[in-house]
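Single-letter residue listing:
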Amino acid sequence: MANRLHNETSPYLLQHQHNPVEWYPWGEEALAKARAENKLIIVSIGYSACHWCHVMERESFEDEDIAAVMNRYFVSIKVDREERPDIDQLYMIAVQLMTNQGGWPLNCICLPDSRPIYGGTYFRPADWKNVLLQLAEMWREQPEVAIDYAQRLTAGIQQSEQLPISRIPETYSLPDLEAIVSPWRRLFDKEEGGHRRVPKFPMPNNWLFLLRYGVLTKDPEIIEQVHLTLRKIASGGIYDHVGGGFARYSVDGRWHIPHFEKMLYDNAQLVSLYTEAWQHRPTEQYKRVVTETLEWVQREMTSPQRGFYCALDADSEGVEGKFYTFQRAEIEHVLGEDAELFIRYFGVTETGNWEEEHTNVLKIDVDADKMAQEAGFSAEEWSTYLAAGKQKLLDYRNKRVRPGLDNKQLTSWNALMLKGFVDAFRVFDVSEYLDCALNNAAFIRQYLYADDGGLLHQPATNGKLLRGFLDDYAFCLEAYVALYEATFDETWLYEAKRLLNYVLDHFYDRPTTSFYYTSALAEQLIARKQEVMDNVIPSSTSSIVRSLNRLGRIFDEQRYTDVASQVLANVVPQMAAYGSAYSNWAIQLLEEVFGCYEILITGPGWQMIRRELDTAYIPNKLILGGTNEGLPLLTGRVRDTVQAYVCHGKTCSVPVDNVDALLQLITQ
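First, a word on what this report is: a plain description of the structure on this page. (Residues numbered from 1 in each chain as written. Predicted model: local features only at pLDDT ≥ 70, side-chain atom pairs only at ≥ 80, totals over all residues. Heavy atoms only, no water.)

### Let's talk about the environment of Val646
And then number 1: For Val646, the location among the structural elements is in strand 17 (residues 643-648).
And then number 2: When its relative accessible area of 6% is taken as the criterion, Val646 is described as buried.
And then number 3: Between the alpha carbons of Val646 and Lys621 there is a distance of 9.7 Å; along the sequence they are 25 residues apart.
And then number 4: When neighbours within four sequence positions are excluded, Val646 is seen to be in contact with Tyr597, Glu598, Thr651, Cys652, Ser653, Leu662, Leu665 and Ile666. (Helix = DSSP H or I, 4+ residues; strand = E, 2+ residues; numbered from the N terminus. Buried < 20%, exposed > 50% of the residue type's maximum accessible area, 1.4 Å probe, protein only. Contact = heavy atoms within 4.5 Å.)

Following this line, the structure appears as structure tokens:
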């Protein structure tokens, strides 16, 4: 018989509906049962693409004896971390405070009032059973010990990431940035790119900041480290050379063997990063991975309503990576006379290059495309030939049992991918990309808006409505501003402004000058937390601060920039100690030091100027324009002919009518 998860829509929760564990979804039914029966709560958190979550399910949650212990002594609650990041955030902090590490699966044992007393990540079956029996005995014999520890741990959770209010400095300077970057340099892997650690995560926002920093400060060492990293990532097995898209991380130090799950948020940010890197240094490989990744998103990750799905699983048929790997004989069979060249190109061997015998994870050398020159191909011929060979391998691979699809459609991740399509449209001038972005924006407005004008975290289903979190708003704001810069349709700016005002009303705490991750209208948990540090995704607070600055400039709203300035000032003292955890804050600090160019392109024919301007790399710019004078900076600047202005430090240039003159105004 199915347990109480059978009515849920989350693929992760549904994976556990037939476990012998009497799982509950998070909600009042489970919490009330724990209080009424005075039972400890197990909060077990994971996500559908998580390999070790599947392992613990097979080993422990499908085991009748272990399930009997859980059912007798505990109320067991399953949580999808992507569906409820607010719950995951609290219990992740708890486990990190207890163990100095975290990850998924995340398992926390809590008092009947949901305050945590013990936790960890993956447990072997015997260890898990022993832990549960010991905690059950302690709760029966010495409940005061658990209650005392819960009080102290909950206080630690509530205090984490709380920052004092700092004085806003008169100015920020280059030494402020150097203090962040200088210790960061020592972490660089000069041979394989990225940072000197294993596993290797792409961390797109890190390299976005470092690229912009390197260019604005004219630092060749930083610039080369960024491009080395991007070429290594694009060449390794972490990139799906056949079907497009990036895996979440590589388990080795050479970007070769991935943990095969593909997450929408990684791919969205990497599309934007490779697009911007191509602007700086046009490299065919960068354009190729953007093109192939967006094709993958359109082909496999887009719903009929034009929303974007969350993730693809690492496993198929219960085996990690089985869908993505090849034996040499398979490639010979599929490609025939073309096989030899592709075998060399992808580093395929008879014995295999992975742990499974004869199994290959496809990768290329960073200079592998030189092989085409040696074989007599022109660049265009090689591009066509390579695409045809990859298509044959993709068609063959698609006959296999596919990895599981997590079909949740989260507002925050959709907005990140929307912006990825907009960025690619701007740089590569592919109109289809803009169409995809506009279709997704229509999806967000139709399915992800609440009745009060705020955002939902995901579409409402089965009567279940979940209010948006701060990152849903933050990334939606960025996506809408990006849509405006691509189209000069002011509708997107006014909608962004409306949502930003909603955030200030429901998420901003004026006494502490900080933003909460949850709305004041949301369910009250054991703590209401802020999200300050950037991770694999920029933090919601740093992203809101970026939007406050941008929309403050666009609408000449001093209150926006005042809030942004204070929150940034609170964070700056923390940044030098751990730069990679504050990379999005550092992008804002970069603009504080070097300024942000407001480029105005007005009048009929603005599209031609904007398109030509987008071939130049200007990392600190904001583009406004069109034929409407509705925005403060455009008032009095729209004529019958195309004109362009550069504004910097509240001063605007005389108008010019071509990009060369415009670029001279920026570089002078």
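### Describing the layout of surface pockets
And then number 1: Taken as a whole, the second largest pocket encloses approximately 760 Å³ of empty space.
And then number 2: Lining the second largest pocket are 31 residues, with Asn549, Arg553, Thr561, Glu598 and Lys650 positioned closest to its centre.
And then number 3: Here the element with the most residues in the lining of the second largest pocket is helix 22 (residues 558-575); it accounts for 5 residues.
And then number 4: Of the residues in the lining of the second largest pocket, the class split is 11 nonpolar, 10 polar and 10 charged. (1 Å grid on protein atoms, 1.4 Å probe; cavity = no way out; pocket = protein on both sides within 12 Å on 5 of 7 lines; lining within 4 Å. Points joined across faces, edges and corners; volume = space filled by probe spheres on them. Nonpolar A, V, L, I, M, F, W, Y, C, P; charged D, E, K, R; others polar.)

### Quick look at the sheet that holds strand 8 (residues 262-263)
And then number 1: Taking strand neighbours across the sheet as the criterion, the 3 strands line up as 8-9-12 in an open arrangement whose pairing is antiparallel. In the strand order of this sheet, the two ends are held by strand 8 and strand 12 (405-406), each with one partner. (Pairing = 2+ DSSP bridges.)

### Examining unusual backbone geometry
And then number 1: Between Trp104 and Pro105 the backbone carries a cis peptide bond, its omega angle lying at 5°.
And then number 2: Locating Pro105 in the fold gives a position in the loop between helix 5 (85-99) and strand 4 (106-110).
And then number 3: Its identity as a non-glycine residue notwithstanding, Asn100 has a phi of 65°, on the positive side.
And then number 4: Here Asn100 lies in the loop between helix 5 and strand 4.

### A word on the state of the cysteines
Throughout this description, disulfide means a covalent bond between two cysteine sulfur atoms.
And then number 1: Taken as a whole and assessed by the stated rule, the structure comprises 2 disulfides.
And then number 2: Each disulfide pairs two cysteine sulfurs, and for Cys50 the partner residue is Cys53, the sulfurs being separated by 2.3 Å. Classification of the bridge connecting Cys50 and Cys53 rests on its S-S torsion, roughly 80°, and on that basis the disulfide is right-handed. The same class applies to Cys50 and to Cys53, which are both buried.
And then number 3: Here Cys647 connects covalently by a disulfide to Cys652, the sulfurs 1.9 Å from one another. Residues Cys647 and Cys652 are joined through a disulfide that is right-handed, its torsion about the S-S bond being 105°. (Disulfide = S-S within 2.5 Å.)

### Quick notes on empty space enclosed by the protein
And then number 1: Enumeration over the complete set of coordinates arrives at 7 cavities of 30 Å³ or more.
And then number 2: Here the largest cavity defines a volume of roughly 820 Å³.
And then number 3: Around the largest cavity, the lining is made up of 36 residues, and of these Leu208, Arg212, Glu276, Lys419 and Asp423 lie nearest the centre.
And then number 4: If you list the elements that add at least two residues to the lining of the largest cavity, you get helix 9 (204-216), helix 11 (264-280), helix 17 (411-428), helix 19 (470-487), helix 21 (540-555) and helix 23 (583-594).
And then number 5: Roughly 130 Å³ of volume is contained in the second largest cavity.
And then number 6: Forming the boundary of the second largest cavity are 14 residues, of which Gly237, Tyr239, Asp240, Phe260 and Tyr324 lie nearest the centre.
And then number 7: Classifying every residue of the lining of the second largest cavity gives 9 nonpolar, 2 polar and 3 charged.

### Regarding the side chain of Ser547
And then number 1: Within the element layout of this structure, Ser547 appears in helix 21.
And then number 2: Take Ser547: its relative accessible area is 4%, and that puts it in the buried class.
And then number 3: When sequence neighbours within four positions are dropped, the list of residues in contact with Ser547 reads Ala474, Leu477, Glu478, Leu500 and Gly552.

### Comments concerning the pattern of salt bridges
And then number 1: By the definition in use, this model includes 47 salt bridges.
And then number 2: Lys419 is the salt-bridge partner of Asp423, the closest N and O atoms lying 3.0 Å from each other. Of this pair, Asp423 and Lys419 both sit in helix 17, 4 residues apart, which is roughly one turn of the helix.
And then number 3: For Asp423, a relative accessible area of 17% gives the class buried.
And then number 4: With a relative accessible area of 25%, Lys419 lands in the partly exposed category.
And then number 5: In this structure, a network of salt bridges that share partners links the residues Asp80, Glu82, Asp406 and Lys408. (Salt bridge = Lys/Arg side-chain N within 4 Å of Asp/Glu carboxyl O.)

### Looking at the environment of Ile444
And then number 1: Here Ile444 shows up in helix 18 (residues 431-447).
And then number 2: Residue classification places Ile444 among the buried positions, given a relative accessible area of 0%.
And then number 3: Ile444 sits 74 residues away from Lys370 along the chain, and the two C-alpha atoms are 43 Å apart.
And then number 4: For Ile444, the contacting residues outside a window of four places in its chain are Asn414, Ala415, Leu418, Tyr449, Cys476 and Tyr480.

### Observations concerning the packing of aromatic side chains
And then number 1: Taken as a whole and judged by the stated rule, the model has 37 aromatic pairs.
And then number 2: When the centroid spacing of 4.6 Å and the interplanar angle of 35° are considered together, the rings of Phe201 and Tyr249 count as tilted. A residue pair is termed long-range when its members are at least 10 positions apart, and Phe201 in the loop between helix 8 (174-185) and helix 9 and Tyr249 in strand 6 (residues 249-250) qualify at 48 residues.
And then number 3: A relative accessible area of 25% means that Phe201 is categorised as partly exposed. (Phe/Tyr/Trp six-rings, centres within 6.5 Å; stacked < 30°, edge-to-face > 60°.)

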